[in-house]
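One-letter residues, chain by chain:
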Amino acid sequence: NTVGVISYNQNDTYNGLTLFTSLTETYLINSCGEVVNQWTSAFPPGNAVYLLEDGSLLRAGKVTNTTIMFGGTGGIVEKFDWEGNLTWSFTMSDDTTIQHHDIFPMPNGNILILAVTIMSNAEAIQAGRDPNLLTDGVLFNEQILEIEPLGINQANVVWEWNIKDHLIQDFDVTKDNFGVVENNPQLLDINFLGGLSGSENWLHMNSIQYNNNLDQIVMSARHMSEIYIIDHSTSTAEASGDTGGIYNKGGDFLYRWGNPQSYRQGTQNDQKLFGQHYPHWIPDGLPNAGQLILYNNGFSRTPSFSEVFILTPPTTAPGVYDYTSNTAYGPTATDYTYTNPVDPINFFSRILSGAQVLPNGNILICDGDSGYFFEIDSNENIVWEYINPSGATGILSQGDDPEGIPNLVFRAHKYGYDNPAFTGRDLTPGNPIELNSGINEPCDVLSTEEFAFEDVTVYPNPATDVIKVNSTHQINKIEIYNSLGAIISQVSNSNEINVSSYNSGIYFVRISSDTRSITKKIIKH
Ligand SMILES: O=[N+]([O-])c1ccc(OS(=O)(=O)O)cc1
């Protein structure tokens, strides 16, 4: 296969549904690449998308904004129900502000929004920016808003944080924020450019993720090659200062990691991150819960290669980060690093991307540039691979070469079948996204150990009491799965199985000899 499911180890892949958005469409696919649900927006991605526990979809869309333009802008946040109806939307795009990259659905129903707002060059200079380091007419402030959705297209802003309130500079004693950069790692040096030129988009934040246990937010600044953690328990007034909140640091950084050159506590040799994406706390109940996982893109280093990191920020109490003056924040080493085991340069995405720990310990990795998702097990075996068939030139056909056709994906999320979003839903898979999948249905022909489809017949279909399997091969096992993927019965060394007690609906019959197997769909009347 060239697109859709490329490989699938059915024993070791975490059984769930994978969500991603491409162009105007958001797809929920099963491990066979078959579409279980699909939502259509009027807008391309802007960029994050989430399935919520009530089965609705929260998605950022990209609107036209001719004043503020950069890779990753959005401008509208939309909510759709499971059936695809738009139930709420909120536009945040004008000449002075635009939502970009990430949003985050909070447990209380509110939504965190990442946005830039415009600072004039005069404001930037008053804040201590070296005028020689201003290459555009404005400078972007990064802002996080918490909004409470209202009605069908409104929201209340209930909390706000701005990076412009947490700056330091040692360039001009007559301007604001003057101080000793290396003694104030809780603040951002407005004259540190991460090796770049001082363009308006100097930080390029690309994610915000929330931890409800700690009431903290972790964010990623691609151009600084740093991640930052802040307190969310503050009032908006406290979030603009340096006291208050559970951790009593106001809106200052509680923690930062990735590039201590930014606060002059390290050299290039201490830089760990290079244009990273999607740092987030591993959720409760999963392996390594509470640690941070992120995708380190590894651009702007030689050679370029990507990594997935799991790391533990050193703490003295939950959410209280350990810091020794005149040093860099720890850790000096990650707990886990994934690189391509053959040659690191084989795994690289310059932009976008993310990684997610799954309940069985596997990690789903999204190589965003190539629209390529792969799942690794704890021995780093690749157990599932998928290439987004939705290209900028149209939907690709099975057999088409996706190389060079933009099919980028910001992130992929896998949701277990036990997710509340799926309770009571019809999860009958439809067709794969790619065209001409036909008899090339990945789950049927991927493995050479699969039977050819015509070698096995299951009848009658629809069935009412007994189904029979006809094959020229010796059949060792017949298993029946429901549409949630749960096994409900099996027989060994028999060519028939009784289904009379089943409810009406769709079931999957997995038929195995000692060397081959195949799955067929049946309808029970
Ligand atoms: O082309 N884009 O859609 C795009 C480019 C860059 C970008 O920023 S990044 O930090 O997520 O790579 C986001 C989206």
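Residues numbered from 1 in each chain as written. Predicted model: local features only at pLDDT ≥ 70, side-chain atom pairs only at ≥ 80, totals over all residues. Heavy atoms only, no water.

Engineer: Run through the overall build of the chain, naming residues and quoting values.
Structural biologist: Scanning the chain from N- to C-terminus turns up three helices and 38 strands. Taken against the 2.2 N^0.38 rule, which gives 24 Å for 525 residues, the C-alpha radius of gyration of the chain at 25 Å falls within 12% of a compact globule. Across the 525 residues that make up the chain, the buried fraction comes to 55%. A separation threshold of at least 6 residues defines the contact pool for the chain, and within that pool the share at least 24 residues apart is 57%. Roughly 21,000 Å² of accessible area belongs to the chain as shown, and the carbon and sulfur atoms make up 48% of that amount. (Helix = DSSP H or I, 4+ residues; strand = E, 2+ residues; numbered from the N terminus. Rg over C-alpha atoms; globule rule 2.2 N^0.38 Å. Buried < 20%, exposed > 50% of the residue type's maximum accessible area, 1.4 Å probe, protein only. Contact = heavy atoms within 4.5 Å. Areas by Shrake-Rupley, 256 points an atom, 1.4 Å probe, with all protein chains shown as cover.)

Engineer: Hey, could you go over the site of the ligand for me, with residue numbers and the actual values?
Structural biologist: What surrounds the ligand is the set Asn 47, Gly 71, Gly 72, His 101, His 204, Asn 206, Arg 222, His 277, Ile 351, Leu 352 and Phe 410. Between the ligand and His 204 there is a distance of 2.7 Å, counted from an oxygen atom to a side-chain nitrogen or oxygen. Here an oxygen atom of the ligand and a backbone polar atom of Leu 352 are 2.9 Å apart. Relative to its unbound accessible surface of 350 Å², the ligand loses 79% to contact with the protein. Of the residues in the shell around the ligand, the class split is three nonpolar, seven polar and one charged. (Near = heavy atom within 4 Å. Polar contact = N/O pair within 3.5 Å; in protein donor to acceptor, adjacent residues only side chain to side chain. Nonpolar A, V, L, I, M, F, W, Y, C, P; charged D, E, K, R; others polar.)

Engineer: Provide a residue-level description of the nonpolar core, including the pertinent values.
Structural biologist: Membership of the largest hydrophobic core comes to 63 residues, with the highest contact counts inside it found for Leu 51, Ile 103, Ile 144, Trp 161, Leu 188, Trp 202 and Phe 422. Ranked by residue count, the leading element in this core is strand β10 (residues 111–120), at six residues. Of all hydrophobic cores here, the second largest spans 18 residues; its members include Ile 282, Ile 310, Ala 355 and Val 357. (Core = buried A, V, L, I, M, F, W, Y, C linked by side-chain atoms within 4.5 Å.)

Engineer: Could you give me a rundown of the sheet that holds strand β11 (residues 138–150), with the residues and numbers involved?
Structural biologist: Read across the open sheet, the four strands follow the order β9-β10-β11-β12; overall the sheet is antiparallel. Among the strands making up the open sheet, the edge pair consists of β9 (97–105) and β12 (154–162). Across the sheet, the mean angle from the axis of one strand to that of its neighbour is 30°, orientation sign disregarded. When β10 meets β11, the two strands line up antiparallel, connected through ten bridges. Residue pairing in the sheet places Ala 115 in a bridge with Gln 143 of β11. (Pairing = 2+ DSSP bridges. Axes fitted to C-alpha atoms, helices over the stretch in contact; angles between N-to-C directions.)

Engineer: If you had to explain unusual backbone geometry to someone new, which residues and values would you point to?
Structural biologist: Residue Thr 302 is joined to Pro 303 through a cis peptide bond whose omega torsion reads -5°. Inspection of the secondary structure assignment puts Pro 303 in the loop between β20 (292–296) and β21 (307–311). Residue Pro 460 follows Tyr 459 across a cis peptide bond; omega there is -10°. The phi torsion at Asn 288 lies on the positive side, around 65°, for a residue other than glycine. Among the structural elements, Asn 288 can be located in the loop between β19 (277–281) and β20. With a phi angle near 60°, Asn 326 is a residue other than glycine that sits in the positive phi range. Within the secondary structure layout, Asn 326 lies in the loop between β23 (320–321) and β24 (336–338). Overall, the relative accessible area of 53% leaves Asn 326 in the exposed class.

Engineer: Please give an account of the pattern of salt bridges that cites residues and values.
Structural biologist: Two side chains of opposite charge can pair, provided their charged atoms sit close to one another. Enumeration according to the criterion identifies eleven salt bridges in this entry. The residue Asp 189 makes a salt bridge to Arg 264 at a minimum N-O spacing of 3.6 Å. Pair noted here: Asp 189 is in strand β14 (residues 188–189) and Arg 264 is in the loop between β18 (255–257) and β19, with a separation of 75 residues, a long-range link. Where salt bridges share partners, they join Asp 170, Glu 182, Asp 189 and Arg 264 into one cluster. (Salt bridge = Lys/Arg side-chain N within 4 Å of Asp/Glu carboxyl O.)

Engineer: Before we move on, could you go through the side chain of His 166 and cite the residues and values that matter?
Structural biologist: Mapped onto the elements of the fold, His 166 is located in the loop between β12 and β13 (167–168). Since its relative accessible area comes to 0%, His 166 is described here as buried. Beyond its immediate chain neighbours, meaning those up to four positions away, His 166 contacts Trp 161, Leu 187, Leu 188, Ala 239, Ser 240, Gly 241, Gly 251 and Asp 252.

Engineer: Lay out the environment of Thr 337 in plain terms, naming residues and giving numbers.
Structural biologist: Examined against the element boundaries, Thr 337 turns out to sit in strand β24. Looking at Thr 337, the relative accessible area reads 31%, which means it is partly exposed. Sequence separation between Thr 337 and Thr 428 is 91 residues, and the spatial gap between their C-alpha atoms is 37 Å. Excluding its chain neighbours within four sequence positions, the residues that come into contact with Thr 337 are Glu 307, Val 308, Phe 309 and Glu 380.

Engineer: Provide a residue-level description of the sheet that holds strand β37 (residues 505–512), including the pertinent values.
Structural biologist: With antiparallel pairing, four strands are arranged side by side in an open sheet as β35-β34-β37-β38. Each having just a single partner strand, β35 (487–492) and β38 (517–524) make up the two edges of the open sheet. Strand-to-strand, the axes of this sheet are offset by a mean angle of 20°, without reference to chain direction. Of the strand pairs in this sheet, strand β34 (residues 477–481) and β37 are connected by five bridges, and their pairing is antiparallel. Pairing of Ile 478 across the sheet is with Ile 511, part of β37.

Engineer: Account for the pairing of strand β32 (residues 456–459), with residues named and values stated.
Structural biologist: The side-chain alternation of β32 yields one buried face, formed by Val 456 and Val 458, and one unburied face, formed by Thr 457 and Tyr 459. Relative to strand β33 (residues 466–471), β32 runs antiparallel, the two sharing four bridges. Bridging from a neighbouring strand, Thr 457 pairs with Asn 470 of β33. Joining the antiparallel neighbours β32 and β33 is a turn of six residues.

Engineer: Give a detailed account of the pairing of β33, specifying residues and quantitative values.
Structural biologist: The side-chain alternation of β33 yields one buried face, formed by Ile 467, Val 469 and Ser 471, and one unburied face, formed by Val 466, Lys 468 and Asn 470. Relative to strand β36 (residues 496–498), β33 runs antiparallel, the two being bridged by three bridges. Bridged to Val 466 within β36 is Asn 498.

Engineer: Would you mind going over the environment of Asp 252 in detail, with residue names and values included?
Structural biologist: Residue position: Asp 252 is located in the loop between α2 (236–239) and β18. When its relative accessible area of 5% is taken as the criterion, Asp 252 is described as buried. Apart from residues no more than four positions distant in its own chain, Asp 252 is found in contact with His 166, Gln 186, Leu 187, Ile 229, Ile 230, Gly 241 and Asp 242. For Asp 252, the side chain forms a polar contact with the side chain of His 166, separated by 2.7 Å.

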